[in-house]
Amino acid sequence: MRKLSPATMALAALFTLAAPPMLFAEEKSGEVKIDLPPETAQLKPGPGMDTASRNCKTCHSVDYIYMQPPLTREQWTATVMKMKKVFGAPIPDNDVAIIVNYLVSQNGKE
Amino acid sequence: MGDHDDSHGNCDALNASRRKFLGAGAALGGLALFGRSAPVAAVQKMVELPMTNGQRELVTYPQKRELIRMTARPVQLETPMTVFNEGVFTPNDAFFVRWHLAGMPSSIDAGTFRIKVHGRVKQPISLSIADLKNSFEAVEIAAVCQCAGNSRGLFNPRVPGGQWANGAMGNALWKGVRLRDILNKAGIASGAVQVRFNGADRPVLPATPDFIKSLDMDMALSDDVMVAYSMNGASLPLLNGYPVRLVVPGWYATYWVKMLEDIEVIGEVDENFWMKPAYRIPDNPCACSEPGKKGVNTVPINRMDVRSFITSLADGARLQGGRSQEVKGIAFDGGFGIARVLLSTDGGKTWAETKLGKDNGNYSFREWRSEFTPKAGKHYELASIAVNNIGESQRFTPRWNPSGYMRNAVETLRVTGL
């Protein structure tokens, strides 16, 4: 984590007050429409990142990966196979090992 | 989200003092003073939940105040523990959010919304929100909505899944219509076994099981299960299921289907993915298992167990010595009601009765209060334990099961007298 200078902090705080997020909820005669704030979590570079990106992000944001406790190779394999077999993600057989390797490198344990 | 110190286990309250600004958006913050581009990413505020990989963003969603974002898509937001100290009812804009499928509608027109009632009924019907409000008796009930996996992140050993701390719960005053009255309007036909509920959310891929939940007939026809169109006197926030959600007082939130648009009476026990194998607990009195144990019989998760939390103090708080300090919190169970809450200041060696607050019904949070006088230089381990009206109490030894459901251990927080 970087340390911020007091001036930057003050600037950031000022901005927060001055410009509320451009999100809105519209309510008129029972009609409600919301805009969802953007995703911020991103996959971190590593072998297999593109394969993981192509397969995982169709259905969910990648904070699903990084919030997990570090998981074993067996647990990550079970997770990828659950996505493929139970949730019907069209993950090519050849990609499974690549994705598992990437997940273990990102958030794995022995 | 990267490496950081392991701060396992001991804290259960979110410490507001841990809030910090991270560097990611600082440069943008300066730029944005001159233009209106990318305002949302300008400042990333973070909190750290007491678990490995517990860093979370604080994000403000529409109709919501700043909440702890667990995931962005599908959206899952956790309520900071400080909110539960504000009052016994959780404000709508602070109520936790949990969607299973990213195909959640971001707009709903309550004027054209319909709830279909069909299946093993004598006469299928289609109800508008106006029909619910005008053609049925309105009922109100205060009830806690708690995620089955609330506190999963505190399991040891850890288990995969949504890594909540203790904030995937909330208490609201729900207003709506008895499910029983709706079913009776359609008329239950012979051979009815369960009632199946589907909301307007859809999976991204057609191959993904749609989120559907079912209740046995006796539960579906019980007094308190309702279709709610109002929450704490206002419409439900869209993220909490606008315009109507099922409310199953005493039972875990997995059954509280949001944006409820389809009620089907079925002639068999539902075995769709979200009923089996998802949301199941070991079929034993403790709902316990052991890591690696296979072949455990399971049943659908159902009634909530008894819990309590200290809400007026955060873990690690420093208190002025020699001065009486109020300790306040909440307790709840699965509908029998809270009989007693006891407080310990010595890590559970001795306990003292606390004073219970107003009774808002057996399904509601129940406030409790006590006080103690810390001495300067001394450390205290504060813990509360609730007992319900049938004598069930919280566990001292946390249960473990592979899905991380139903944590109700006595939670401890540490404070120091100054």
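Once a new chain begins, its residue numbering starts again from 1 and follows that chain's sequence as written. Lettering for chains starts from A, numbering for ligands starts from 1, and both go in the order in which the items are written. Since the coordinates come from a predicted model, pLDDT governs what is reported: local features require at least 70, and pairs of side-chain atoms require 80 or more to be given and counted, while whole-chain, interface and lining totals use all residues. For side-chain calculations, the full set of non-hydrogen atoms in the structure is used, while hydrogens and water are omitted.

Q: Help me understand the overall build of chain B in this model?
A: In this description a helix means any DSSP run of H or I spanning at least four residues, a strand means any run of E spanning at least two, and both kinds are numbered starting from the N terminus. Scanning chain B from N- to C-terminus turns up 4 helices and 27 strands. The buried label goes to any residue with under 20% of its type's maximum accessible area, the exposed label to any with over 50%, and the partly exposed label to all in between, with areas taken from a 1.4 Å probe on protein chains only. Taken over 418 residues, chain B has a buried fraction of 59%. A sequence separation of at least 24 residues applies to 70% of the contacts in chain B between residues at least 6 apart. Note on contacts: a residue pair qualifies if any of its non-hydrogen atoms lie within 4.5 Å across the two residues.

Q: Where do I start with the overall build of chain A in this structure?
A: Each helix and strand counted, chain A has 5 helices and 2 strands in total. N-terminal to C-terminal, the α/β element order of chain A is α-β-β-α-α-α-α. With 110 residues in all, chain A has 35% of them scored as buried. Across chain A, the fraction of contacts at a sequence separation of at least 24, relative to all contacts at a separation of at least 6, is 55%. About 6400 Å² of surface is accessible on chain A, with carbon and sulfur atoms providing 59% of the total. Areas reported here follow the Shrake-Rupley algorithm with a probe of radius 1.4 Å; residue values treat only the protein chains shown as occluding.

Q: Got a minute to help me understand the sheet that holds strand S15 (residues 245–247) of chain B in this structure?
A: Within a sheet, each strand pairs with its neighbour through backbone hydrogen bonds, oriented either parallel or antiparallel. All names here are of chain B. Here, strands pair whenever DSSP counts at least two bridges between them. Pairing is antiparallel across the open sheet formed by 4 strands, whose spatial order is S10-S11-S14-S15. One side of each edge strand has no neighbouring strand; the edge strands of this open sheet are strand S10 (138–146) and S15. Neighbour-to-neighbour, the strand axes of the sheet open up by a mean angle of 55°, direction not taken into account. Where strand S14 (residues 226–231) lies against S15, 3 bridges are found, and the strand directions are antiparallel. For methionine 226, the partnering residue across the bridge sits in S15 and is valine 247. Along the sheet, helix H3 (residues 179–186) contacts strand S11 (169–178), S14 and S15; its crossing angle with S11, the most-contacted strand, is approximately 30°. For every element, the axis is a line fit to its C-alpha atoms; helices are fit only across the contacting stretch, and the angle between N-to-C directions ranges from 0 to 180 degrees.

Q: Would you mind going over the packing of helix H4 (residues 73–85) of chain A against helix H5 (residues 93–107) of chain A with me for this structure?
A: The angle between the axes and the distance between the axes are what describe a pair of packed helices. All names here are of chain A. It is at 9 Å that the axes of H4 and H5 come closest, and there the two elements cross at 135°. Compared by their axis directions, H4 and H5 come out oblique. As H4 runs across H5, the sense of the crossing is right-handed. Of the residues in H5, those in contact with Arg73, Trp76, Thr77, Val80, Met81 and Lys84 of H4 are Asp93, Val96, Ile99, Val100, Asn101, Leu103, Val104 and Asn107. Roughly parallel means an angle under 35 degrees; roughly antiparallel means over 145; roughly perpendicular covers 65 to 115; every other angle is labelled oblique. Crossings are classed by handedness, with left-handed meaning an anticlockwise turn of the near helix from the far one by less than a right angle and right-handed meaning a clockwise turn.

Q: Any chance you could explain the pattern of salt bridges here in plain terms?
A: For side chains of opposite charge, pairing can occur when their charged atoms come near one another. We define a salt bridge as a side-chain nitrogen of Lys or Arg found within 4 Å of a carboxyl oxygen belonging to Asp or Glu. Using the criterion set out here, one finds 24 salt bridges over all chains in the structure. Note that A:Asp35 is salt-bridged to A:Lys33, the shortest N-O span being 3.7 Å. Judged by relative accessible area, which is 34%, A:Lys33 ranks as partly exposed. When the shortest N-O distance is used, the salt bridge between B:Asp210 and B:Arg202 registers 3.5 Å. The exposure class of B:Asp210 is buried, given its relative accessible area of 17%. Within this structure, B:Glu326, B:Lys328, B:Glu367 and B:Arg369 form a network of salt bridges that share partners.

Q: Explanation requested: the sheet that holds strand S16 (residues 260–266) of chain B in the structure shown.
A: Residue and element names in this part refer to chain B. One open sheet holds the 5 strands; their spatial order is S9-S8-S16-S12-S13, and the pairing between them is mixed. Single-partner strands in this sheet number two, and they are strand S9 (125–128) and strand S13 (212–216). Taken pair by pair, the neighbouring strands of this sheet meet at an average axis angle of 20°, ignoring direction. Across 6 bridges, the pairing between strand S12 (residues 194–199) and S16 is antiparallel. Following the sheet pairing, valine 195 is matched in S16 by valine 265.

Q: Sorry if this is basic, but what is going on with unusual backbone geometry here?
A: Residues other than glycine predominantly adopt negative phi, and peptide bonds predominantly adopt the trans conformation. Residue and element names in this part refer to chain B. In the segment running from arginine 73 into proline 74, the intervening peptide bond is cis, with an omega of -10°. As for its placement among the helices and strands, proline 74 is situated in the loop between strand S4 (66–71) and strand S5 (76–78). In this structure, proline 243 follows tyrosine 242 across a cis peptide bond, with omega equal to 5°.

Q: Looking at this model, I keep getting lost on the state of the cysteines. Mind explaining?
A: By definition, a disulfide is the covalent link that joins the sulfur atoms of two cysteine residues. Any two cysteine sulfur atoms within 2.5 Å of one another count as a disulfide. Summed over the entire model, instances satisfying the criterion amount to 1 disulfide over all chains. Sulfur-sulfur distance for the disulfide between B:Cys286 and B:Cys288 comes to 1.5 Å. On the sign convention where negative is left-handed, the bridge of B:Cys286 and B:Cys288, at about -50° about the S-S bond, is left-handed. With a relative accessible area of 18%, B:Cys288 lands in the buried category. Left without a disulfide partner, A:Cys59 is nearest to the cysteine sulfur of A:Cys56, which lies 9.6 Å away.

Q: Quick question: what am I supposed to make of the environment of B:Thr90 here?
A: Residue and element names in this part refer to chain B. Checked against the element boundaries, threonine 90 lands in the loop between S5 and strand S6 (97–98). Separated by 11 residues in the primary sequence, threonine 90 and threonine 79 have C-alpha atoms spaced 9.2 Å apart. If we skip the residues at most four places from it in the chain, threonine 90 touches Val83, Phe84, Phe95, Gly170, Asn171, Asn232 and Phe365.

Q: I keep staring at the side chain of B:Asn272 and nothing clicks. Help me out?
A: Within the secondary structure layout, B:Asn272 lies in the loop between S16 and strand S17 (280–282). Residue contacts for B:Asn272: discarding those within four places in its chain leaves B:Asp210 and B:Ile212.

Q: Explanation requested: the packing of helix H2 (residues 49–56) of chain A against H5(A) in the structure shown.
A: Residues and elements named next belong to chain A. In contact at an axis separation of 9 Å, H2 and H5 are set at 110° when each is read in the N-to-C sense. Between H2 and H5, the angle is such that the two are roughly perpendicular. Here Met49, Thr51, Ala52, Arg54, Asn55 and Cys56 of H2 lie close against H5, whose contacting residues are Asp95, Ile98, Ile99 and Tyr102. As a working rule, the residues Ala, Val, Leu, Ile, Met, Phe, Trp, Tyr, Cys and Pro are called nonpolar, Asp, Glu, Lys and Arg charged, and the rest polar, with Gly in that last group. For the contact of H2 with H5, a count of residues per class yields 6 nonpolar, 2 polar and 2 charged.

Q: Sorry if this is basic, but what is going on with the packing of aromatic side chains here?
A: Any two aromatic rings considered together are summarised by their centre-to-centre distance and by the angle between their planes. Residue and element names in this part refer to chain B. Note on ring pairs: Phe, Tyr and Trp rings are taken, using the six-membered ring of Trp, and paired if centres are within 6.5 Å. Classes follow the plane angle, with under 30 degrees stacked, over 60 edge-to-face and the rest tilted. Under the counting rule described, the total for this entry stands at 14 aromatic pairs over all chains. Each ring, one from phenylalanine 84 and one from phenylalanine 365, has its centre 5.9 Å from the other, and the planes form 90°; the classification is edge-to-face. Within this pair, whereas phenylalanine 84 is found in the loop between S5 and S6, its partner phenylalanine 365 is found in the loop between strand S24 (355–356) and strand S25 (366–372), the two being separated by 281 residues in sequence. Here phenylalanine 365 falls in the buried class, since its relative accessible area comes to 0%. Arranged with centres 5.4 Å apart and planes meeting at 55°, the rings of phenylalanine 332 and phenylalanine 365 form a pair that is tilted. Placement of phenylalanine 332 in strand S21 (residues 325–332) and of phenylalanine 365 in the loop between S24 and S25 is noted, with a sequence separation of 33 residues between them. The residues phenylalanine 332 and phenylalanine 365 share a single accessibility class, namely buried.

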